[in-house]
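Summary of structural features
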Amino acid sequence: MSDNSVKTANDVAENFEPKILVFACNWCTYAGADLAGTSRLQYPPNVRILRVPCSCRVNPQFVIRAFQRGIDGVLVAGCHPGDCHYTTGNYYTRRRFLLINRMMEYMGIDPKRFHTRWISGAEGPKFQQVVTEMIEEVRAIGPNRKLRDDMKVTVNTDDIVASVEADTKVVADNV
Amino acid sequence: MERVGVFICHCGSNIGAVVDCARVAESVKDYPGVAFSTDYKYMCSEPGQEMIQNAIREHNLNRVVVASCSPRMHEKTFRACVAKAGLNEYMFEMANIREHCSWVHAGRNEEATEKAIDLVKMAISKVCNNEVLMKGHAPVTKRALVVGGGIAGIQCALDIANNGYQVDILERTPSIGGKMSQIDKTFPTIDCSACILTPKMVEASSHPNIKLITFAELEKVDGYVGNFEVTIRSKARSVDMSKCTGCGTCMTKCPGKADDEFNMNLRKRTAIYTPFPQAIPNKPVIDRESCLKFKSRKEGKDVCGVCAKLCPAGAIDYEQQDELFTERYGAIVMATGYEQFDHSIYGEYGYGKYPDVISGLHFERLVNASGPTQGHIVRPSDHKEPKTVVMVKCVGSRDPEHGKSYCSRTCCMYTAKQATMIRDHCPDTKVYVFYMDVRTPGKLYDEFYNRTREEYGVEYIRGRVSKIYQDGETLRVKGEDTLLGRQIEIDADMVILANAMIPNPDSERMAQIVGIGYDKDGWFTESHPKLGPVETHTAGVFLAGACQGPKDIPDSVAQAGAAAVKVCALLSKDQLETEPTVSKVDNKLCSGCGLCVPVCPYKAISLETIQERVAGKTIERQVANINGSLCQGCGACTVTCRSGAANLKHFTNAQILAEVDALCQTIL
Ligand SMILES: Cc1cc2nc3c(=O)[nH]c(=O)nc-3n(C[C@H](O)[C@H](O)[C@H](O)COP(=O)(O)OP(=O)(O)OC[C@H]3O[C@@H](n4cnc5c(N)ncnc54)[C@H](O)[C@@H]3O)c2cc1C
Ligand code: FES
């Protein structure tokens, strides 16, 4: 709990609703989330799913970037070990994010904000459960303010868009 | 200049009842890049698709976003739709606002609409970074490889060959035939197994389109669908196949002896042998472990050589070595079958120590006219006819603790078959069957089971056997009749166990060589349990027979035919389309560190030397080079790359970051 997400009176908005980004591999977790949908399994609307071919496509820098931009939580999810569509992709994911976990903790991001999970295409209920739990956890610890770019100095939204675009280029070129 | 068209689908009320589609369309109208945005009841319907195509023309759109169901459902539909209007199909993105939104947030209309707006903005931001991509083409090698020469492999090869394509059967033992060649009669019709199998074996061996590669092992598989490069180890037979006429003289005087595995070790065979008289190819091999000559060579001597002296064709070659060779194939079918569960782990059945407690396959050899007893059902210990036989089902099956959790599917039927055969051969012998359940789904199967009880008088006892122990000459079988709720003790002369079917012990290694999946037990996994039963997740590799899970002969044959059709469909093409969504390396950024090379699961990356002019001088340096036909587009290399030189087309760093940013903008 080295995070500055520790609640203080003027810090956490009353009705704080976290926003959580889910990187879902196309073959398992994305399909699992689809299955949650076709089975009409309800979960809070705080998650946004971003489709990647494999969990191993998720560059840790994407995750850090999202935290910088103010996301409250990130979930990287893929096939169960041994089931990766590309055979070994999720083993890389597992190893990479074990390290990144430690690094983020070191940077002061509450470990509750970041998870790696294995959810298969048949596990609609698991998808529902994992995201629901994560939303509740992150709601309890409040908004992420750690790496967030200080938005208050920016006055008009056009500038933000422009700066975001410029950053996208810089980071994209460097990632 | 990006001109994005955004189309929000109501999917009837599926989306429309929760998400305010008009508001979504309205709210992205002025989003950067958007030139047109609208909503409609059914985007995937014909009028819906026409609407998209008209908008592309009218508004001069160069990118399209459709927000509707899952891309796993309709991405293909909409890609084709925009392509018809002249756009590159990769200038399209989908936002999933049904499975990932309206269906999971019923009644939370406001929040669901907000979420839909986010998802659409992410898709717009991504599509603005999309690039025109072209599908590639790769030639197809019009030859298939079937691994495993059991009934499934033979049938599959015949079906492929009869369609006019070349096919090789790779079999690890000296002969094709598989387990079916060991079986005596087949349920439910009790026709002789050899009588229906041997003609197929002969047909396979004489078919102009089929080549048999027996006594060989699969060593390595490289390449990809349409162009597999397979390395095969041809094991040293010690017999020159081109000279051998298959006369069999060599086997008559061989002094080397070994357990005859084809006959379940119920008798001995010679060291130079063919596994069974109808073996194909009918040319012997020398088992170097039991050959006197090879054994003596280990001790520095060189004795025997009787077979070489006898062979009229001079075909015996003691100096033969294993040979490795490489062949190209367009498709691979795995048909490596199954093995029998080893019941010696069970203490209650005597740890496999009682000679008269045998497995189902032992019985098949005992009752076979060309088997070790010429078809007389006798006890292995004293060769006396058993007067009481107890059969035990589910040995190793449906026993998650010590055996396998699954049902082996064939045992109920082969137990019934074997029970009737005992009653046929030895009418005075009593037969008891201990069972947990009787499972006979299959044409004429239940009828067969009923006849076993009613006409053949076989007694079925519902319950588990708790102990078998030897008492003098008899085997005392203790069990429980759970229907009558009482303990039972039977003095038997012989016990036959219906052992589970299990995968080959090296099935996992085989799966890894070929690059396909396997389940917790080691069975190969199909690409979809219902809709892709013979496909695997690896394009161009298919499954047939019991290697995918316990199966009887009719099912194995049916699956072999299905796999053959898939192979033929593949081989009928001259070229295959390849996905352009693969990795590429920017040579300017690549430092040639080579970290990406071992990370690639498809061996698609290699280092190549390039020449560059730097400050007026030509220098040579190494860069990573990605083979686009081998790359499957997972993206592992992109994250490994320290300099950001490797990027995955259609999922580039810029595209993914654009999505991340689009999402986070709304957090302000
Ligand atoms: C006791 C008993 C009785 C049975 N009776 C009946 C019956 O009456 N009716 C019925 O329908 N079914 C019966 N069955 C089931 C039947 O045996 C199977 O359905 C059938 O044999 C499956 O055929 P297959 O070709 O898939 O496998 P298999 O017959 O096992 O053939 C696989 C072949 O692949 C080869 N192979 C394995 N691994 C490799 C490798 N890595 N490289 C190269 N080659 C390899 C093997 O040597 C073998 O030749 C019985 C089973 C048992 C145990
Ligand atoms: S494809 Fe799902 S983790 Fe690799």
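Residues numbered from 1 in each chain as written. Chains lettered and ligands numbered in written order. Predicted model: local features only at pLDDT ≥ 70, side-chain atom pairs only at ≥ 80, totals over all residues. Heavy atoms only, no water.

1. Some points on the overall build of chain B
Just so we agree on the cut-off: Going along the chain from the N terminus, every DSSP run of H or I of four or more residues is numbered as a helix, and every run of E of two or more is numbered as a strand. Think of it in three bands: with a 1.4 Å probe and only protein chains considered, a residue is buried below 20% of the maximum accessible area for its type, exposed above 50%, and partly exposed in between. In what follows, residue pairs with any heavy atoms lying within 4.5 Å of each other are defined as contacts. For every accessible area listed, the method is Shrake-Rupley and the probe measures 1.4 Å; residues are considered covered only by the protein chains on display. Within this scheme the basic residues Lys and Arg register as positive and the acidic residues Asp and Glu register as negative, but His and the chain ends are omitted. Charged side chains are reduced to one point each, which is NZ for Lys, CZ for Arg, CG for Asp and CD for Glu.
Looking only at helices and strands, chain B has 18 helices and 34 strands in total. Judged by the C-alpha coordinates and their principal axes, chain B covers about 95 × 75 × 40 Å. Every one of the 668 residues in chain B was classed for burial, and the buried ones make up 56%. Taking the contacts inside chain B whose residues are at least 6 apart along the sequence as the reference set, 69% of them involve residues at least 24 apart. Of the roughly 28000 Å² that chain B leaves accessible, carbon and sulfur atoms contribute 50%. Computed over 78 positive and 81 negative side-chain charges, the separation of the two mean positions in chain B equals 3 Å.

2. A few points about the overall build of chain A
Helix and strand content of chain A: 5 helices and 4 strands. Counted from the first residue to the last, chain A has its helices and strands arranged as β-α-β-α-β-α-β-α-α. Burial statistics for chain A: of 175 residues in total, 54% are counted as buried. When contacts within chain A are restricted to residue pairs at least 6 apart in sequence, long-range pairs at least 24 apart make up 83% of them. Total accessible area on chain A stands at roughly 7700 Å², and carbon and sulfur atoms take up 53% of it.

3. Focus: the domain arrangement of chain B
Put simply, the rule reads: Just so you know, the domain bounds were taken from an automatic or database domain assignment.
When the domains of chain B are assigned, the result is domain 1 (4–133), domain 2 (136–235 + 322–337 + 506–574), domain 3 (236–320), domain 4 (338–502) and domain 5 (583–649). Taken over C-alpha atoms, the centre of domain 4 of chain B sits 61 Å from the centre of domain 5 of chain B.

4. Quick look at the state of the cysteines
Throughout this description, disulfide means a covalent bond between two cysteine sulfur atoms. Residue and element names in this part refer to chain B. Our working rule: Disulfide assignment relies on a single distance test, namely cysteine sulfur atoms paired within 2.5 Å.
One pass over the full model with this rule turns up 1 disulfide over all chains. Cys-192 shares a disulfide with Cys-195; S-S distance 2.3 Å. When the S-S torsion is 90 degrees, as for the bridge of Cys-192 with Cys-195, the disulfide is right-handed. For Cys-195, a relative accessible area of 51% gives the class exposed. With no disulfide of its own, Cys-244 has Cys-250 as its nearest cysteine by sulfur position, at a separation of 6.5 Å. On the basis of relative accessibility, which here comes to 12%, the residue Cys-244 falls in the buried class.

5. A closer look at the sheet that holds strand S25 (residues 474–481) of chain B
Residue and element names in this part refer to chain B. Keep this limit in mind: Two strands are counted as paired when DSSP detects at least two bridges linking them. Think of each axis as a best-fit line through the C-alpha atoms, taken over the contacting stretch in the case of a helix, with angles from 0 to 180 degrees between the N-to-C directions.
If you walk across this open sheet you meet the 3 strands as S24-S25-S26, and the pairing is antiparallel. Two strands close off the open sheet at either side, each with one partner strand: strand S24 (465–471) and strand S26 (486–492). Looking at each pair of strands side by side, their axes are set apart by 20 degrees on average, direction ignored. Sheet topology note: the S25/S26 ladder contains 7 bridges and is antiparallel. Paired with Val-477 across the strands is Ile-490, a residue of S26.

6. What to know about the interface of chain A and chain B
To keep it simple, the criterion reads: Here's the idea: put two parts together, see how much 1.4 Å probe accessible area each one loses, and the total over both is what we call buried area. The working definition used for a salt bridge is a side-chain nitrogen of Lys or Arg within 4 Å of a carboxyl oxygen of Asp or Glu. N or O atoms closer than or at 3.5 Å make up a polar contact, with two conditions inside protein: a donor-capable atom paired with an acceptor-capable one, and, for residues adjacent in sequence, both atoms drawn from side chains.
Chain A puts 52 residues into the contact, and the matching count from chain B is 52 residues. Summed over both sides, the interface between chain A and chain B buries roughly 4600 Å², with carbon and sulfur atoms accounting for 61% of that surface. The interface formed by chain A and chain B contains 6 salt bridges. We note a salt bridge from A:Arg65 to B:Asp661, for which the minimum N-O separation is 2.5 Å. On inspection of chain A and its partner chain B, the count reaches 22 residue pairs in polar contact (both at pLDDT 80 or more). Looking at the side of chain A that touches chain B, the elements that each hand over two or more residues are strand S1 (20–25), helix H1 (29–38), strand S2 (47–52), helix H2 (60–68), helix H3 (89–107) and helix H5 (157–174) of chain A.

7. Observations regarding the packing of H2(A) against helix H18 (residues 653–665) of chain B
This is how the line gets drawn: Here the angle decides the label: under 35 degrees means roughly parallel, over 145 means roughly antiparallel, 65 to 115 means roughly perpendicular, and every other value means oblique. Handedness of each helix crossing follows the sense of rotation of the near helix against the far helix: counterclockwise by less than a right angle gives left-handed, clockwise gives right-handed. Amino acids outside the nonpolar list (Ala, Val, Leu, Ile, Met, Phe, Trp, Tyr, Cys, Pro) and the charged list (Asp, Glu, Lys, Arg) are all regarded as polar, and Gly is one of them.
Put simply, H2(A) and H18(B) touch, their axes get as near as 9 Å, and they point 25 degrees apart. In terms of axis orientation, H2(A) runs roughly parallel to H18(B). With respect to the hand of their crossing, H2(A) and H18(B) are arranged in right-handed fashion. Judged by residue contacts, A:Phe62, A:Arg65 and A:Ala66 of H2(A) engage B:Asn653, B:Ile656, B:Leu657, B:Val660, B:Asp661 and B:Cys664 from H18(B). The class makeup of the residues in the contact of H2(A) with H18(B) is 6 nonpolar, 1 polar and 2 charged.

8. Description of the packing of aromatic side chains
Heads up, the condition is: Side-chain rings of Phe, Tyr and Trp, where Trp is taken by its six-membered ring, are said to pair if the distance between their centres is within 6.5 Å; with planes under 30 degrees apart they count as stacked, over 60 as edge-to-face, and otherwise as tilted.
Counted by the stated rule, this structure contains 15 aromatic pairs over all chains. Taking the centre distance of 5.3 Å and the plane angle of 40 degrees together, the rings of A:Phe97 and A:Phe114 count as tilted. Remark: A:Phe114 occurs in strand S4 (residues 114–118) and A:Phe97 occurs in helix H3; sequence separation between them is 17 residues. Here A:Phe97 matches A:Phe114 in class, with each residue buried. Ring plane angle 35 degrees and centroid distance 6.0 Å describe the contact between B:Phe78 and B:Phe92, whose orientation is recorded as tilted. Of this pair, B:Phe78 sits in helix H3 (residues 71–84) while B:Phe92 is found in strand S4 (residues 92–96), placing the two residues 14 residues apart along the sequence. The same class applies to B:Phe78 and to B:Phe92, which are both buried.

9. Quick word on the sheet that holds strand S21 (residues 388–395) of chain B
Residues and elements named next belong to chain B. The sheet built from 5 strands is open, its strands ordered S20-S27-S21-S22-S23 with parallel pairing. Every other strand in the sheet has two partners, leaving strand S20 (357–359) and strand S23 (459–462) as the edge strands with one partner each. Across this sheet, the average inter-strand angle for adjacent strands is 25 degrees, counted without regard to direction. With 4 bridges connecting them, strand S22 (residues 430–435) and S23 associate as parallel partners. Note that in S23 the partner of Tyr-435 across the bridge is Arg-462. Where helix H12 (residues 411–425) meets the sheet, it contacts S21, S22, S23 and strand S27 (494–499), and its direction lies at approximately 175 degrees from that of S21.

10. Here's the deal with the pairing of strand S2 (residues 34–40) of chain B
Residues and elements named next belong to chain B. To be explicit about the condition: Consider the strands pointing away from the viewer: the crossover is right-handed when the path from the first strand over the helix to the second runs clockwise.
Two elements, strand S1 (residues 4–9) and S2, share 6 bridges in a ladder whose sense is parallel. Counted as the bridge partner of Val-6 is Ser-37 from S2. Following the backbone out of S1, through helix H1 (residues 21–27) and into the adjacent parallel S2, one traces a crossover that is right-handed.

11. Concerning the site of ligand 1
Residue and element names in this part refer to chain B. Going by this rule: Note on definitions. A residue lies near a molecule or strand when any single heavy atom of the residue is within 4 Å of it.
The full set close to ligand 1 counts 37 residues, and Glu-171, Tyr-338, Lys-417, Lys-551 and Ile-553 are the nearest of them. Backbone polar atom of Asp-552 to an oxygen atom of ligand 1: 3.4 Å apart, as the coordinates give it. Between an oxygen atom of ligand 1 and a main-chain N or O atom of Ile-553, the distance comes to 2.7 Å. Calculation on ligand 1 without its partners gives an accessible area of 990 Å², and the protein chains cover 97% of this total. Those elements that place two or more of their residues in the shell around ligand 1 are helix H6 (151–162), strand S8 (185–186), helix H11 (360–366), H12 and helix H15 (553–571). Taken together, the residues of the shell around ligand 1 break down into 15 nonpolar, 14 polar and 8 charged. No fewer than three residues from each of domain 2 (136–235 + 322–337 + 506–574) and domain 4 (338–502) sit in the shell around ligand 1.

12. Describing the pattern of salt bridges
Residues and elements named next belong to chain B. Going through the model one piece at a time under the given rule, you end up with 56 salt bridges over all chains. With a shortest N-O distance of 3.2 Å, Arg-108 and Glu-111 are connected by a salt bridge. Put simply, Arg-328 and Glu-229 hold a salt bridge, and the shortest N to O gap is 3.0 Å. On the criterion of sequence distance, the pair formed by Arg-328 in strand S17 (residues 323–329) and Glu-229 in strand S12 (residues 227–234) is long-range, its members being 99 residues apart.

13. A look at the environment of B:Glu289
Residues and elements named next belong to chain B. Within the secondary structure, Glu-289 is located in the loop between strand S16 (285–286) and helix H9 (292–298). Put simply, Glu-289 and Pro-71 are 218 residues apart on the chain and 58 Å apart in space, counted from C-alpha to C-alpha. Apart from the residues within four sequence positions on either side, Glu-289 is in contact with Lys-295 and Lys-298.

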